[in-house]
2 protein chains.
Amino acid sequence: MTDHRIWTAALVVIGDEILSGRTQDRNIAQIATWLNVQGIRLSEVRVVPDVEERIVEAVNALRTQNDYLFTTGGIGPTHDDITVDAVAKALGRPVIIHPEARGMLERYYETRGGLNEGRLRMARVPDGAELIINRVSGAPGIKIENLFLLAGVPHITAGMLDGLTGELEGGRPLVSVTIGGMVPESEVAELLRETERMNDGVAIGSYPFFKEGRVGANFVVRSEDAEQAQSVANLLAASLESAGYPMVPGGI
Amino acid sequence: MTDHRIWTAALVVIGDEILSGRTQDRNIAQIATWLNVQGIRLSEVRVVPDVEERIVEAVNALRTQNDYLFTTGGIGPTHDDITVDAVAKALGRPVIIHPEARGMLERYYETRGGLNEGRLRMARVPDGAELIINRVSGAPGIKIENLFLLAGVPHITAGMLDGLTGELEGGRPLVSVTIGGMVPESEVAELLRETERMNDGVAIGSYPFFKEGRVGANFVVRSEDAEQAQSVANLLAASLESAGYPMVPGGI
């Protein structure tokens, strides 16, 4: 099933606000979901603080191991926005002012008090970079080599992802089929294991939950072959139903 | 301000369901917030798939660099729960059945169909481990060396954290004071930078938002000295107000 190329991406989430617990991250799930549709697997995420050497280390560890590397956060106008400098350092490139980005900012701030030092920071890019245009807000993301530097504010991140949709080469999307039921996973662990073992190219995840005082679980069957994912999910549902557990397609 | 010891922890989130985007992680923020209260800084998070070598690699990279290492996920009864095996391998220890955990499971399942192979998996620990008792559900977490293996289901994770509260040695908690206002961060970037530079031991984060068509920002002043955090936040608020931006204590 996997004799073709699998495309992978990693994500570096940059921000003290995530590590302090102040902000609930939304970008991991958002980017993971978007990547799946592009046929790219998210293989690892690292969350690091606003410290240059820590960003450089994470970027260098992950960029060579993956087809693509995304970062979120740290591309705004303030002193704690150091992603561009860190990535430039990781890539051994100088930081320059991108003329097109500067023009965009000049036009945007023309009626909003004009460019200042902080705002001009948002036109800084590693030398050789292209801009990722987004329609949600004026600020562009940055593409350099196999890196994509995105904003940290989730709806702006979404606008930048939108600008990238269909632009990245990927493989076959991983398809998930979910079934759920009021079944304690510990009663059916052997059945899950055997079903996965007998079906090459399929991974089955088991996700327990508690609802109205009873335990249940959702089982997610993943495969790059949509038909296989569906048929294995049907088989698993039939086995569980014959063992006395009514199952709900799509999960609970 | 930081001539005393700073205690750090890292977190390895284990789970294909986070990397596929199926599940929105809640444990990073939950554990970060809990650690702050214990006087411990969350210094890095890695999210890795349910693949033994990837877990081993992340655990070994982070456990020696930090005072504590937490993991979430992969300690249930099913075939995709491989955290115990991976951690045992990382530490060079065999996996054993913990007698106390086995007893707990025997009692719990006495009226629920009895122990089976899957359920007995939850009594497996790296040799030398202690249990982390939690009152929310029967299943214990696992403590071994400086590692804490917690459940992935957030309310069970919370129960295990509750069982650990006050047990870990830490330093002074990092105190945050937030102020917010309808101020574009790009207009005040220089003021933020200078305020941080002038106050040793203080870090200032700037977090923009959009509300009813207008831009605003929250500024978070962090310090291990609660009085300093408050006085710098007051100073910053006064400076911003004198520049014409009314500020809201506590943020927006």
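Per-chain numbering applies: the sequence of each chain, read as written, is numbered from 1 onward. As they are written, the chains are lettered A onward and the ligands numbered 1 onward, keeping that order. Restriction of local features to residues with pLDDT of at least 70 applies here, the model being predicted, together with a cutoff of 80 or more for giving and counting side-chain atom pairs; totals for whole chains, interfaces and linings are based on all residues.

Notes on the sheet that holds strand 12 (residues 247–249) of chain A
Residues and elements named next belong to chain A.
Turning to step 1, where the next piece is worked out: Pairing within the open sheet is antiparallel, and its four strands lie in the order 10-11-9-12. Looking at strand neighbours, the two that pair on one side only are strand 10 (203–211) and strand 12, the edges of this open sheet. With direction set aside, neighbouring strand axes in the sheet form an average angle of 25 degrees.
Turning to step 2, where the next piece is worked out: Here, any two strands with at least 2 DSSP bridges between them count as paired. By the criteria applied, helices consist of DSSP H or I runs no shorter than four residues and strands consist of E runs no shorter than two, each listed in order from the N terminus. As paired strands, strand 9 (residues 175–181) and strand 11 (residues 214–223) are joined by seven bridges and run antiparallel to one another. Opposite G180, over in strand 11, you have N218 as the bridge partner.
Turning to step 3, where the next piece is worked out: Strand contacts of helix 8 (residues 189–198): strand 10 and strand 11, with the helix running at about 155 degrees to strand 10, the strand carrying the most contacts.
Turning to step 4, where the next piece is worked out: For the purpose of contact definition, each residue receives a C-beta atom placed from its backbone, and two residues are in contact when these atoms lie within 7 Å. An axis is simply a line fitted to the C-alpha atoms; with a helix, the fit covers only the stretch in contact. Between two such axes, the angle follows the N-to-C directions and lies from 0 to 180 degrees. The sheet contacts of helix 9 (residues 226–242) involve strand 9, strand 11 and strand 12, and relative to strand 9 the element is tilted by about 15 degrees.

Observations concerning the interface of chain B and chain A
Turning to step 1, where the next piece is worked out: Taken together, the contact pairs 48 residues of chain B with 48 residues of chain A.
Turning to step 2, where the next piece is worked out: Listed by contribution, the elements that provide at least two residues to the side of chain B that touches chain A are helix 1 (16–19), helix 2 (27–37), strand 2 (40–48), helix 6 (117–120), helix 8 (189–198) and strand 10 (203–211) of chain B.
Turning to step 3, where the next piece is worked out: The biggest single contributor to the side of chain B that touches chain A is strand 2 of chain B, with seven residues.
Turning to step 4, where the next piece is worked out: Per-class residue counts for the side of chain B that touches chain A are 19 nonpolar, 15 polar and 14 charged.
Turning to step 5, where the next piece is worked out: Pairing between strand 2 (residues 40–48) of chain A and strand 2 of chain B: three bridges, direction antiparallel. Paired with R46(A) across the bridge in strand 2 of chain B is R46(B). When residues are grouped by polarity, Ala, Val, Leu, Ile, Met, Phe, Trp, Tyr, Cys and Pro land in nonpolar, Asp, Glu, Lys and Arg in charged, and all others, Gly among them, in polar.

Comments concerning the domain arrangement of chain A
Turning to step 1, where the next piece is worked out: As annotated, the domain borders come from an automatic or database domain assignment. If you check the domain split of chain A, you get domain 1 (7–164) and domain 2 (175–249).
Turning to step 2, where the next piece is worked out: Measuring from the centre of the C-alpha atoms in domain 1 of chain A to the corresponding centre in domain 2 of chain A gives 38 Å.

A word on the environment of R26(B)
Residues and elements named next belong to chain B.
Turning to step 1, where the next piece is worked out: Along the chain, R26 falls in the loop between helix 1 and helix 2.
Turning to step 2, where the next piece is worked out: On the basis of neighbour counts, which here come to 17 C-beta atoms within 10 Å, the residue R26 falls in the partly exposed class.
Turning to step 3, where the next piece is worked out: Taking the C-alpha atoms as reference points, R26 and G152, 126 residues apart in sequence, are found 9.2 Å from one another. In this scheme every C-beta is placed from the backbone, and a residue whose C-beta has 20 or more other C-beta atoms within 10 Å is buried, one with 12 or fewer is exposed, and one in between is partly exposed.

Some words on the pairing of strand 10 of chain A
All names here are of chain A.
Turning to step 1, where the next piece is worked out: The sheet contact formed by strand 10 and strand 11 spans nine bridges and is antiparallel. Across the sheet, residue Y207 finds its bridge partner in strand 11, namely N218.
Turning to step 2, where the next piece is worked out: Counting the residues in the hairpin turn of strand 10 and strand 11 gives two residues, including E212, whose phi is positive at 45 degrees.

Here we look at the relation of the copies chain B and chain A
Turning to step 1, where the next piece is worked out: Of the transformation placing chain B onto chain A, the axial shift is 0.0 Å and the rotation is 180 degrees, giving an RMSD of 0.0 Å. When the rotation and shift are considered jointly, the pair of chain copies conforms to a two-fold rotation axis. Among all residues of chain B, the one whose C-alpha sits closest to the rotation axis is R46(B), at a distance of 2.2 Å. For the least-squares superposition of copies, only C-alpha atoms count, and only for residues with pLDDT at least 70 in both.

Looking at the sheet that holds strand 7 (residues 141–144) of chain B
Turning to step 1, where the next piece is worked out: On the basis of which strands lie adjacent, the open sheet formed by twelve strands has the order 6(A)-7(A)-8(A)-3(A)-1(A)-2(A)-2(B)-1(B)-3(B)-8(B)-7(B)-6(B) and mixed pairing. The strands lining the two open edges of the sheet, one partner per strand, are strand 6 (130–132) of chain A together with strand 6 (130–132) of chain B. Neighbour to neighbour, the strand axes of the sheet diverge by 20 degrees on average, direction disregarded.
Turning to step 2, where the next piece is worked out: Here three bridges tie strand 7 of chain B to strand 8 (residues 147–150) of chain B, and the two strands are oriented antiparallel to one another. Considered in strand 8 of chain B, the bridge of K143(B) is made with F148(B).

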